[in-house]
Amino acid sequence: MKKKIPVFDIKLNKSEKKYALECLKTSQIGQGRFIKKFENKFSKYVNCKYGVTTTSGTTALHLACSTLNLKKNDEVLISSSTNMACAFSVEYCGAIPVPIDIEMNTWQLNVKDLEKKITKKTKAIMVVHLFGQAVDMDPVLKIAKKYKLKIIEDCAESHGVEYKGRKVGSMGDIGVFSFFSNKTITCGEGGMIVTNNKKLAVRASILKNLAYGKKNRFMHSDIGFNYRLSNLSAAIGLGQLENINSKLKEKKRIYLRYKKKLKNISGIKIPIIKKHTTNFIMWVFNVYLDKNFPISRDKLIKILDKNGVETRNAFVPINKQKVLRQKYKIYKKYNCVNANYIMKKGFYLPSGNNITNKQIDKICKIISDTASKI
Ligand SMILES: *Cc1c(COP(=O)(O)O)cnc(C)c1O
């Protein structure tokens, strides 16, 4: 059977190999010079003073929640349609994830719904700049100020994206990035938190390293974690960062090609990019179906699969997760209608670094043939 067109792939350049080899040659695979270098260079890239590496986006989110002192029964408002690492990181602190619906046309957090869900227990807002688009941050910042809430920006899908000229991750208290294999830049597994607040940066770097004592190393100053990224991973991350512009260029090519080829197919909808996202970066190419498409999403992705095209379904939102619904009876009341709709109708198409225009055209032809044949 022919090889499938994958939803993502990894492209490594010379720098990654050179730096990784240096780690091997010097035996500095655990600790070493690339960790600080990656932290400094990446935080600068997203316009933040400090960067603290972690082992994944999930551990970075948990580190952010812990650094901001989220505690048992604190409520955190989160965009419902997201990777569950968002809700779980809040859970790890004993705090409660409160799902907020998305806008249908952009799939981003509907900021109009935020204020309605604020209670005395609300402590923070976790915004997710989903799929490379920025959340409308001005109203979020205003609400956070009014109610004295902390802001965590989950930027796992939006490295380098800007909101009205400001880099995502630099507007709230803490920004969180992932360098998992399918993200815009990757070191296999990895993450980072960024901030402009020195106190938070110091606290995060203590917590991530088991909170070893200052005077007596083994008298720990807090209940810490081991979320240390290895030097070998940081070396690869640094190499990827040096090539980020060419990666972003490729992502734009893929976005424009799909958009051009799909825009006239009846029943296929593409999330719109609002003007406040001043540096849009497509992480993966999403579509959703409306009632004009002749068959269901699940039937369409089966046809694509048979033709060697991999796809991924849209997120199952926080309010629909069984483990959370069992725990929080109140979730029945949190009806995120748009996120629920996208869960059933949305999916993304192959968006790897190595996909060719020819492959994209082939995928779009399968979709348009399906739309017209049935
Ligand atoms: C990938 C992702 C995460 C989790 O990152 P990992 O590195 O896989 O732990 C969190 N949030 C969002 C929005 C993501 O896309």
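Rules used in this analysis
- Residues numbered from 1 in each chain as written.
- Predicted model: local features only at pLDDT ≥ 70, side-chain atom pairs only at ≥ 80, totals over all residues.
- Heavy atoms only, no water.
- Near = heavy atom within 4 Å.
- Polar contact = N/O pair within 3.5 Å; in protein donor to acceptor, adjacent residues only side chain to side chain.
- Areas by Shrake-Rupley, 256 points an atom, 1.4 Å probe, with all protein chains shown as cover.
- 1 Å grid on protein atoms, 1.4 Å probe; cavity = no way out; pocket = protein on both sides within 12 Å on 5 of 7 lines; lining within 4 Å.
- Sits in = over half its atoms within 2 Å of the grid points.
- Helix = DSSP H or I, 4+ residues; strand = E, 2+ residues; numbered from the N terminus.
- Nonpolar A, V, L, I, M, F, W, Y, C, P; charged D, E, K, R; others polar.
- Points joined across faces, edges and corners; volume = space filled by probe spheres on them.
- Contact = heavy atoms within 4.5 Å.
- Salt bridge = Lys/Arg side-chain N within 4 Å of Asp/Glu carboxyl O.
- Buried < 20%, exposed > 50% of the residue type's maximum accessible area, 1.4 Å probe, protein only.
- Pairing = 2+ DSSP bridges.

A. Structural view of the site of the ligand. In the vicinity of the ligand, 14 residues are found, and the nearest of them are Thr58, Asp154, Glu157, Ser178 and Lys183. A distance of 2.5 Å is found between an oxygen atom of the ligand and a side-chain nitrogen or oxygen belonging to Thr58. Side-chain polar atom of Lys183 to an oxygen atom of the ligand: 2.7 Å apart, as the coordinates give it. Look at the ligand: alone it shows 380 Å² of surface, and the protein chains cover 91% of it. The cavity that encloses the ligand is the second largest pocket. In terms of residues, the shell around the ligand owes the most to one element, helix α3 (residues 57-67), which gives 3 residues. Of the residues in the shell around the ligand, the class split is 5 nonpolar, 6 polar and 3 charged.

B. Looking closely at the layout of surface pockets. The calculated volume of the largest pocket comes to roughly 480 Å³. Along the walls of the largest pocket sit 23 residues, with Lys36, Ala201, Val202, Ser205 and Ile206 positioned nearest its centre. No other element matches the 6 residues that helix α6 (residues 198-208) contributes to the lining of the largest pocket. What the second largest pocket holds in volume is close to 400 Å³. Lining of the second largest pocket is provided by 27 residues; of these, Asn83, Glu157, Lys183, Trp283 and Phe315 occupy positions nearest its centre. It is α3 that contributes the most residues to the lining of the second largest pocket, 3 residues altogether. The class makeup of the residues in the lining of the second largest pocket is 13 nonpolar, 9 polar and 5 charged.

C. Looking closely at the environment of Val52. Following the sequence through the fold, Val52 ends up in strand β1 (residues 50-54). When near neighbours in sequence (up to four residues on either side) are disregarded, Val52 contacts Glu39, Leu63, Gly191, Met192, Ile193, Ala201, Ala204, Ser205 and Lys208.

D. Representation of the pattern of salt bridges in the model. Tallied over the entire structure, the rule returns 18 salt bridges. A salt bridge links Lys164 to Asp138, with the shortest nitrogen-to-oxygen separation between them at 2.7 Å. Of the two residues, Lys164 sits in the loop between β6 (162-163) and β7 (166-167) while Asp138 sits in helix α5 (residues 137-147), which places them 26 residues apart along the sequence. Glu162 is the partner of Lys167 in a salt bridge, and the nearest nitrogen-oxygen pair spans 3.4 Å. With respect to class, Lys167 is no different from Glu162; both count as buried. One salt-bridge network, in which partners are shared between bridges, spans Lys36, Glu39 and Lys208.

E. Layout of the pairing of strand β11 (residues 285-289). Within β11, 5 of the 5 residues are buried, which leaves the element mostly enclosed by the surrounding structure. Here β11 shows a buried face lined by Phe285, Val287 and Leu289 and a second buried face lined by Asn286 and Tyr288. In this sheet, β11 lies alongside strand β10 (residues 268-269) in antiparallel orientation, the contact comprising 2 bridges. Note that in β11 the partner of Lys269 across the bridge is Tyr288. Here β11 pairs with strand β13 (residues 346-349) via 4 bridges, running antiparallel. Bridge pairing links Asn286 to Tyr348 in β13.

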